[in-house]
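Structural overview for review
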Amino acid sequence: MNYLAKILGLTTLIAVFGFASQDSAPPQKVLFVGNSYTYFWNLPLSVMTMAESQNIDLQTRQSTAGGVNLGQHWRGEKKLETLSILKAGEFDAIVLQDHSLQAIRYPDSLMYYGRKLQEILAPSGADIYLYLTWAREWDPYMQDSITMGYKSLAQAIDASIVPVGPAWARARSLRPELKLYDPDGSHPSPTGTYLSACVFFGVLTGQSPIGLPERLITKDANGQPLYLNIQAPNDAIFCQKVAWEIIQNWAKQE
């Protein structure tokens, strides 16, 4: 498992969360397994585009369907082909994201299917990352339970945590007016996805997201510019700083 080896100018700082170090190569092929919290505003492609802007080769793919949990991925519901994709062993990193309330309502299910998926992945040697999601807008107190559930699973299956939810909580405490949420109070807005992508970029690459472009631009099938996300410069740098602060703090805590 990779480790974050340089934080705030320190040359060595070991973290059990498995953040990639600047001295080791980040994963090159990453599969995101999840639901709408993953596909809203195309989080996987946003992370890949951030990496491309820093000349990092990080290819992403997703296996997602609206509202599903890890158990439904396991059973192949909603035409999901997650198991067959995982068994093919084509990825060196897998991101697992359960339903946003699973860690609160059904923590045993989160643990059970997390373990089952880890067993499938063991032969491939792929690193596992857990997408620690955020609380609903109307109940910030959810975050502690969500965090506890993912931390327990990470310890059980030797996975790395991507602390997106704690980054959202920090951003909300500093700038309550910043619109991280979709109007439904659950899904991410473009700014929320940008913040999430900054956390993923930092964890997967081991590099600071500070200085990433505020406009995430790729190309469509015709080679024309495709704008994934456009943030005001002040909002972009704020998200970058929050993401890096949370990544560093989590490493120090452990």
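As shown above, the structure is provided for reference.
Residues numbered from 1 in each chain as written. Predicted model: local features only at pLDDT ≥ 70, side-chain atom pairs only at ≥ 80, totals over all residues. Heavy atoms only, no water.

**Focus: the environment of Ser186**
Defined as follows: Elements are defined by DSSP. Helices are runs of H or I of four residues or more, strands are runs of E of two residues or more, and each kind is numbered from the N terminus. Contacts: residue pairs with any heavy atoms within 4.5 Å of one another. We define a polar contact as two N or O atoms separated by no more than 3.5 Å, with the added condition that, inside protein, one atom must be a possible hydrogen donor and the other a possible acceptor, whereas residues neighbouring each other in sequence contribute only through side-chain atom pairs.
By the secondary structure assignment, Ser186 is in the loop between α8 (164-174) and α9 (190-205). In this structure Ser186 touches Tyr37, Trp134, Arg136, Trp138 and Tyr181, once residues within four positions along its chain are discounted. Separated by 3.2 Å, the side chains of Ser186 and Arg136 make a polar contact.

**Concerning the packing of aromatic side chains**
Rules: Centres within 6.5 Å are what make two rings of Phe, Tyr or Trp a pair, Trp counting through its six-membered ring; a difference in plane orientation under 30 degrees is then read as stacked, over 60 as edge-to-face, and the rest as tilted. When the NZ atom of lysine or the CZ atom of arginine is within 6 Å of a ring's centre and also within 35 degrees of its normal, the charge is said to sit over that ring.
All told, the structure shown has eight aromatic pairs when counted by the stated rule. When the centroid spacing of 6.2 Å and the interplanar angle of 35 degrees are considered together, the rings of Tyr39 and Phe40 count as tilted. Of the aromatic side chains, those joined through ring pairs into one cluster are Phe32, Tyr37, Tyr131, Trp134, Trp168, Tyr181 and Phe200. One residue, Lys151, lies across the ring of Trp250, its end atom 6.0 Å from the ring centre. Looking at Arg175, its charged tip hangs above the ring of Phe238, at a distance of 5.0 Å from the centre.

**Observations concerning the sheet that holds strand β3 (residues 93-96)**
Put simply, the rule is: One requirement defines pairing of two strands: DSSP has to find at least two bridges between them. Angles here are taken between N-to-C directions and fall from 0 to 180 degrees, while the axes themselves are lines fitted to C-alpha atoms, restricted in helices to the stretch in contact.
Strand order across the open sheet formed by five strands is β2-β1-β3-β4-β5, with parallel pairing between neighbours. In the strand order of this sheet, the two ends are held by β2 (59-64) and β5 (160-163), each with one partner. In this sheet, adjacent strand axes meet at a mean angle of 25 degrees when their direction is disregarded. Note that strand β1 (residues 29-34) and β3 share four bridges and pair parallel. Each bridged residue has a counterpart across the sheet, and for Phe32 the counterpart in β3 is Val95. Sheet contacts for α8: β4 (127-132) and β5; angle to β5, the most-contacted strand, approximately 25 degrees.

**Some thoughts on helix α2 (residues 43-53)**
Filter applied, for reference: The buried label applies to any residue whose accessible area, calculated with a 1.4 Å probe on protein chains only, is under 20% of its type's maximum; exposed applies above 50%, and partly exposed to all values in between.
In terms of burial, α2 is a largely internal element, nine of the 11 residues being buried. Taken together, the buried positions of α2 are occupied by Leu43, Pro44, Leu45, Ser46, Val47, Met48, Thr49, Met50 and Ala51. At the N-terminal end of α2, a side-chain oxygen is found 3.2 Å from the backbone nitrogen of Leu45, two or three residues along, and the residue is Asn42.

**Let's talk about the pairing of β5**
Rules: Clockwise travel from the first strand over the helix to the second, with the strands pointing away from the viewer, marks a crossover as right-handed.
The side-chain alternation of β5 yields two buried faces, one formed by Ser160 and Val162 and the other by Ile161 and Pro163. Here four bridges tie β4 to β5, and the two strands are oriented parallel to one another. By the bridge assignment for β5, Tyr131 is matched with Val162. Viewed along the sheet, the connection from β4 through helix α7 (residues 142-157) into β5 turns out right-handed.

**A closer look at a nonpolar patch on the surface**
Our working rule: Like-charged residues are merged into a patch within 9 Å and nonpolar side chains (Val, Leu, Ile, Met, Phe, Trp, Tyr) within 5 Å, provided each residue has over 30% relative accessible area and no salt bridge. Using the Shrake-Rupley algorithm and a 1.4 Å probe, accessible areas are obtained, with residue cover drawn only from the displayed protein chains. Within this document, salt bridges are pairs made up of a side-chain nitrogen of Lys or Arg and a carboxyl oxygen of Asp or Glu, the two lying within 4 Å of each other.
On the surface, Ile217, Tyr227 and Ile230 cluster together to form a nonpolar patch covering roughly 280 Å² of accessible area. Relative to the helices and strands, Ile230 is located in strand β7 (residues 225-230). Relative accessible area serves as the criterion here: at 46%, Ile230 is assigned to the partly exposed category.

**Some remarks on the side chain of Thr147**
Turning to its location among the elements, Thr147 is positioned in helix α7. Apart from residues lying up to four places away in sequence, Thr147 is in contact with Leu132, Pro166 and Trp250.

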